[in-house]
Structures are given as structure tokens and as C-alpha cells.
Amino acid sequence: MRIRSLNNREDWNKFLMVNRGSFLQSWEWGMFQNSLSKKVWRFCIEKEGKILGETQIIKETFPFNLKSFLYIPYGPCFKEDLFVKARKRILNLILKESTRIAKEENSIFFKIEPISPWPKDFLGARGLKRIQPKKTLFLDLKKSEEEIFQNFHPKTRYNIRLSQRKGVKIIIATSKEQQATSKYFDNFYKLIQRTAKRDKFSPYEKEYYKNMFKNLSSALFLAEYRNKIIAANLLVFFGERATYLHGGADYKYRKVMAPHLLQWAQIQESKKKGYKEYDFWGINAKIWSGLTRFKKSFRGDEFEYPYGKDFIFQNLWYKFYRFIRGF
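Analysis parameters
- Residues numbered from 1 in each chain as written.
- Predicted model: local features only at pLDDT ≥ 70, side-chain atom pairs only at ≥ 80, totals over all residues.
- Heavy atoms only, no water.
- Helix = DSSP H or I, 4+ residues; strand = E, 2+ residues; numbered from the N terminus.
- Rg over C-alpha atoms; globule rule 2.2 N^0.38 Å.
- Buried < 20%, exposed > 50% of the residue type's maximum accessible area, 1.4 Å probe, protein only.
- Contact = heavy atoms within 4.5 Å.
- Areas by Shrake-Rupley, 256 points an atom, 1.4 Å probe, with all protein chains shown as cover.
- Axes fitted to C-alpha atoms, helices over the stretch in contact; angles between N-to-C directions.
- Parallel < 35°, antiparallel > 145°, perpendicular 65-115°, else oblique.
- Nonpolar A, V, L, I, M, F, W, Y, C, P; charged D, E, K, R; others polar.
- Pairing = 2+ DSSP bridges.
- Phe/Tyr/Trp six-rings, centres within 6.5 Å; stacked < 30°, edge-to-face > 60°.
- Polar contact = N/O pair within 3.5 Å; in protein donor to acceptor, adjacent residues only side chain to side chain.
- 1 Å grid on protein atoms, 1.4 Å probe; cavity = no way out; pocket = protein on both sides within 12 Å on 5 of 7 lines; lining within 4 Å.
- Points joined across faces, edges and corners; volume = space filled by probe spheres on them.
- Left-handed = near helix turned anticlockwise from the far one by under 90°.

Draft legend 1. Geometry of the overall build of the protein chain. Counting its regular elements, the protein chain contains 10 helices and 15 strands. Taking 327 residues into account, the globule formula puts the C-alpha radius of gyration at 20 Å, and the protein chain, at 21 Å, falls close to it. Once the C-alpha set of the protein chain is aligned to its principal axes, its extents read approximately 60 × 40 × 40 Å. When each of the 327 residues of the protein chain is scored for burial, the buried share is 52%. Looking at the protein chain alone, contacts between residues at least 24 apart form 71% of all its contacts between residues at least 6 apart. Surface accessibility of the protein chain: about 17,100 Å² in total, with carbon and sulfur atoms responsible for 50%.

Draft legend 2. How the structure looks around the packing of helix H5 (residues 154-165) against helix H8 (residues 258-272). Packing of H5 against H8 brings their axes to within 8 Å, and their N-to-C directions diverge by 100°. The orientation of H5 with respect to H8, classified from their angle, is roughly perpendicular. Each of Thr-156, Asn-159, Ile-160, Ser-163 and Gln-164 in H5 lies in contact with H8, whose residues at this interface are Ala-258, His-260, Leu-261 and Trp-264. Of the residues belonging to the contact of H5 with H8, the class tally is four nonpolar, five polar and no charged.

Draft legend 3. Spatial organisation of the sheet that holds strand E12 (residues 241-249). Here we have seven strands laid out as an open sheet, ordered E9-E10-E11-E12-E13-E8-E14, and mixed in their pairing. Two strands bound the open sheet, and with one partner strand each, they are strand E9 (169-173) and strand E14 (301-304). Neighbour-to-neighbour, the strand axes of the sheet open up by a mean angle of 30°, direction not taken into account. Both strand E10 (residues 218-225) and strand E11 (residues 228-238) contribute to a ladder of eight bridges, which runs antiparallel.

Draft legend 4. Structural view of the packing of aromatic side chains. Tallied over the entire structure, the rule returns 36 aromatic pairs. Here Phe-32 and Tyr-208 contribute two aromatic rings whose centre-to-centre distance is 5.1 Å and whose plane-to-plane angle is 75°, an arrangement assigned as edge-to-face. Taken together, the residues span a long stretch of sequence, with Phe-32 in helix H2 (residues 27-35) and Tyr-208 in helix H7 (residues 206-215) at a distance of 176 residues. Exposure remark for Phe-32: the relative accessible area of 0% places this residue in the buried category. Seen in terms of ring centroids, Phe-69 and Tyr-71 are 6.5 Å apart; in terms of plane orientation they differ by 65°. Their pairing is edge-to-face.

Draft legend 5. Fine view of the environment of Asn-92. Relative to the assigned elements, Asn-92 resides in helix H3 (residues 84-105). The exposure class of Asn-92 is partly exposed, given its relative accessible area of 37%. It is 14 Å that separates the C-alpha atoms of Asn-92 and Pro-114, two residues lying 22 residues apart in sequence.

Draft legend 6. Representation of the side chain of Arg-130 in the model. Relative to the elements of secondary structure, Arg-130 occurs in the loop between strand E7 (125-126) and strand E8 (135-140). Residue classification places Arg-130 among the buried residues on the basis of a relative accessible area of 17%. There is a polar contact of 3.1 Å between the side chain of Arg-130 and the backbone oxygen of Gln-132. Within the structure, the side chain of Arg-130 is placed 3.0 Å from the backbone oxygen of Pro-306, a separation counted as a polar contact. Apart from residues no more than four positions distant in its own chain, Arg-130 is found in contact with Tyr-74, Glu-113, Tyr-305, Pro-306, Tyr-307, Gly-308 and Arg-325.

Draft legend 7. Inspection of empty space enclosed by the protein at higher detail. Under the criterion given, the structure shown has two cavities of 30 Å³ or more. Put simply, the largest cavity is a space of about 190 Å³. Of all elements in the fold, only helix H1 (9-18), E11, E12 and strand E13 (277-279) reach the threshold of two or more residues within the lining of the largest cavity. Across the lining of the largest cavity, the residue classes tally to eight nonpolar, four polar and five charged. If you add up the space inside the second largest cavity, you get close to 30 Å³.

Draft legend 8. Examining the packing of H2 against H7 more closely. At a closest axis distance of 9 Å, the pairing of H2 and H7 adopts a crossing angle of 145°. The handedness of the crossing between H2 and H7 is right-handed. Residues Glu-28, Trp-29, Met-31, Phe-32 and Ser-35 of H2 form the contact with H7, whose own contacting residues are Tyr-208, Asn-211, Met-212 and Asn-215. Of the residues assigned to the contact of H2 with H7, the class counts are five nonpolar, three polar and one charged.

Draft legend 9. Up close: the environment of Trp-281. Counting through the fold element by element, Trp-281 comes out in the loop between E13 and helix H9 (289-296). Discounting residues that sit within four places of it in the chain, Trp-281 has contacts with Phe-23, Leu-24, Tyr-74, Gln-132, Pro-133, Thr-136, Thr-243, Tyr-244, Leu-245 and Lys-295.

Draft legend 10. View of the pairing of E10. The element E10 is extensively covered by neighbouring structure, given that eight of its eight residues are classed as buried. Side chains Ser-218, Leu-220, Leu-222 and Glu-224 of E10 all project onto a buried face; the interleaved residues Ala-219, Phe-221, Ala-223 and Tyr-225 project onto the opposite face, where all are buried too. Pairing between E9 and E10: five bridges, direction antiparallel. Across the sheet, Lys-169 pairs through a bridge with Glu-224, a residue of E10. Where E10 folds back on E11, the antiparallel hairpin that results is connected by two residues, among which Arg-226 adopts a positive phi of roughly 50°.

Here it is as C-alpha cells:
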């Protein structure tokens, strides 16, 4: 078993798709990270010419770009039928390679937030604060459209129909359309800013969302009411899954219930395109109580990812990192 760089986009994504890897490990996500001036390393682990695993490592910097850490979001991706012993060997190869990179980059630690459960005896400091969501909701799109709709909370079904009666129209735009990259995208970002101000969180810069929209297989879904865009969401498509990643709405038009209709339109379009799963991307009843309640009303299946692990190279700086992160 050996680890090596893999620089073929098609082969990289093919392995991820076959083995239910996350879009955060996709080639396109790496390109998006590059557009933000971040370094990215892609490695595959192979035995006798067959790929058994893949991992994409991202260099994250803090504060003021003085220090860095290495990060694997929702990875590594293993061949699905791989035994625990082989997975542990792969993790050890990745840890060895990341240690080498960390020395070159002067990184203070290496963070892994996996999809698959850890081998029981794989050592590392438990990652106390995650970057990616710990819990999410998955909606099964293999069911019929009628089954999916009838399973929604009764109030959610009512709100969807109400929004339709009010005359809310749905617009779908992709980054390939010139109008989407100007008018529609500007509307989307303004709604993100308004939502952030209302819910007291810090949004990314406009260029962040623009680069994401440009690099990933994605689409904007917008709700229009009386010739005004009042809600907008960004969806990402990868493998067999559609993921609702970012969104915003104008609170002034809350009685029109556009976000409910928008989600239903996104679910319908994802099913129409052949995706088998819809990811609501992050729930937390304590931190995002209202948003979590809204997402749960669509009756997805709750899923919890394994906890992350930090492998520490510089203890003093790691303590400082924990301090500024608030844990």
C-alpha cells in the first residue's frame, strides 16, 4: 500500500462518486479553495494498482495569515467495502504525509473531520470544535414526489400551497447564464446580508460566494414575488446528492412563505435531475433553533457525523488557536 499524488480530475471524482464521497473532497472544491488563495494537496492510496482511498488536504491560515493548520473536511474517502484494518493503514499513511507537509508549511496541527467512523484504537486529540456541521438531515429522493410531499409536516404543506396561491414564482439560474452571474447573484448576496444582520452571524465576502458558484456544479434558486426577488438559495450537486448550502430571505415578506416553496422546488428539481438524496446541510437545535425547526419540517432523516480529531505539531500555538476559537 502506498500514497501518491493524483492529478486527474476525472479519475479523482469518479472514485468519490462510486464510494459516496462528499463534494468537500471533490476536485471542484479544491479548485474553489485555490481561488481563495489556499494551498491544496490531493492524494490517493493504492495497492496493486487499485485505488483504496482518496484525501484532499487544505491549508487554512489564522490569524492574519501568520500561522496555518492542515484540514481534511468530510474525508478521507475510502473504498466502501474496505475493512477496518486497511482503513487504519490508510489513515496512518495520510498522517505521515500530513506531518511532512506540516513541517514544510510550518503548520501547527492537522484536523480531520471524517464521514466514516474512526478505528477504535486510532490515536489523536479529539477535535473539540468543528468547522463543518456535525448533524444534518438527508431526504430520500428515491420515493415518489407525492410520497415526499405527503410526508412533510402539515403546516409545511399548507405554507407551500399558500405561497403558490400568492403567486410566488421560482427561477433557476446556473453560473453558465450571464444573467445569473450579475442580476440574480447580486439579489442572492443582498438577501444573504439581510439574513446575516437579522440572525446575527457574519456572512462571507461576496467574492467567496461568487467563486463557489463559479467553480462548483451549482445553481441559484430564487423566489420572485410581484417582480421582486424575496428569497434565494444556493444548491451544490455532486455524485448522487444535492446539497442546500447557503440561503437568505427578505423578512418583510415572511407571510408569503417563499422559503417553503423554494425548498420544495429545489427538492423537485433535484429529483427530476436524477439525484437520489437531498442534504439540508446542518442542523443544531441550540445554535440555529429556528432554521433547524424549518428544515426538520421537511421530514428528512437525521444523521450525525463522527467527531473530528486534531493531530498537534506545535502545542503552544495550538493552545492559542483554541483560545481564539473559544474552547
